[in-house]
Amino acid sequence: MPTGADRAAYLAAIKKVDPRIVEDEEKAIDARRNQRSSLAGGDDKVDWLAAQRFGNDARPLTDAQGKQLNAALRGTLCPA
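Model, not experiment: these values are computed from the prediction. (Residues numbered from 1 in each chain as written. Predicted model: local features only at pLDDT ≥ 70, side-chain atom pairs only at ≥ 80, totals over all residues. Heavy atoms only, no water.)

**Student:** An account of the nonpolar core is requested, with residue identities and associated values reported.
**Tutor:** By size, the foremost hydrophobic cluster in this structure holds 19 residues, and its most contacted members are Y10, L11, I14, I21, F54, L61 and L69. Mapped onto this core, the elements with two or more residues apiece are α1 (4-15), α2 (25-41), α3 (46-54) and α4 (63-75). (Core = buried A, V, L, I, M, F, W, Y, C linked by side-chain atoms within 4.5 Å. Buried < 20%, exposed > 50% of the residue type's maximum accessible area, 1.4 Å probe, protein only. Helix = DSSP H or I, 4+ residues; strand = E, 2+ residues; numbered from the N terminus.)

What follows is the structure in structure tokens.
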């Protein structure tokens, strides 16, 4: 679980994709944990998976936003 400056950097990075993603910080942390395994596994639908994990029915995200989220993850807490 990221804390301090690492947590702040991660949340700031994903907030740039869609500020509503960080309205529930714990959900955003859980989504990161789940998405990290997809990044490490080289899943061919990794951008789609990020969009599904970080979005929801009220706030769906696109695959392009998923790609941005994956870039944010790689650049902060999940170098994969």
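That shown, we press on.
**Student:** Report on the side chain of N70, specifying residues and quantitative values.
**Tutor:** One can find N70 in helix α4. Apart from the residues within four sequence positions on either side, N70 is in contact with Q35, L39, V46, D47 and A50. (Contact = heavy atoms within 4.5 Å.)

**Student:** Account for the confidence of the model for the chain, with residues named and values stated.
**Tutor:** For the chain, per-residue confidence averages 89 on the pLDDT scale, and 95% of positions sit at 70 or higher. Mean pLDDT across the elements of the chain bottoms out in α2 (89) and peaks in α3 (96). (pLDDT = per-residue confidence, 0-100.)

**Student:** Run through the pattern of salt bridges, naming residues and quoting values.
**Tutor:** On inspection of all chains with the given rule, the structure shows 4 salt bridges. Across the pair R7 and E25 runs a salt bridge whose closest N-O atoms are separated by 3.3 Å. With R7 in helix α1 and E25 in helix α2, this pair connects stretches of sequence that are 18 residues apart. Judged by relative accessible area, E25 falls into the partly exposed class, the value being 37%. (Salt bridge = Lys/Arg side-chain N within 4 Å of Asp/Glu carboxyl O.)

**Student:** How would you explain α2 if you had to name every residue and give the values?
**Tutor:** For α2, which comprises 17 residues, the first-to-last C-alpha distance of 25 Å matches the rise-based estimate of 24 Å (1.5 Å per residue) to within 8%. Among the residues of α2, those classed as buried are A28, I29, A31, R32, Q35, S38 and L39. Buried residues belonging to α2 abut α1, α3 and α4. Positive phi appears at G42, one or two residues downstream of α2, with a value of about 70°. (Expected span 1.5 Å × (residues − 1).)

**Student:** If you had to explain the environment of A9 to someone new, which residues and values would you point to?
**Tutor:** Mapping A9 onto the fold places it in helix α1. C-alpha of A9 to C-alpha of E26: the two residues are 17 residues apart in sequence and 15 Å apart in space.

**Student:** I'd like to hear about the packing of α1 against α2, residue by residue, with values.
**Tutor:** One can describe the packing of α1 onto α2 by two numbers: an axis separation of 11 Å at closest approach and a directional angle of 90°. By the angle between their directions, the pair α1 and α2 is classed as roughly perpendicular. Two secondary-structure elements touch here, α1 through R7, Y10, L11 and I14 and α2 through E25, E26, A28, I29 and R32. Residues that form the contact of α1 with α2 fall into these classes: 5 nonpolar, no polar and 4 charged. (Axes fitted to C-alpha atoms, helices over the stretch in contact; angles between N-to-C directions. Parallel < 35°, antiparallel > 145°, perpendicular 65-115°, else oblique. Nonpolar A, V, L, I, M, F, W, Y, C, P; charged D, E, K, R; others polar.)

**Student:** Residues and numbers for the packing of α2 against α3, please.
**Tutor:** One way to put it is that α2 packs onto α3 with a least axis distance of 9 Å and a crossing angle of 165°. It follows that α2 is roughly antiparallel to α3 by the angle criterion. For the pair α2 and α3, the crossing hand works out as right-handed. Between α2 and α3, the contacting residues are K27, A28, A31, R32, N34, Q35, S38 and L39 on the first element and V46, L49, A50, R53 and F54 on the second. The residue inventory of the contact of α2 with α3, partitioned by class, reads 7 nonpolar, 3 polar and 3 charged. (Left-handed = near helix turned anticlockwise from the far one by under 90°.)

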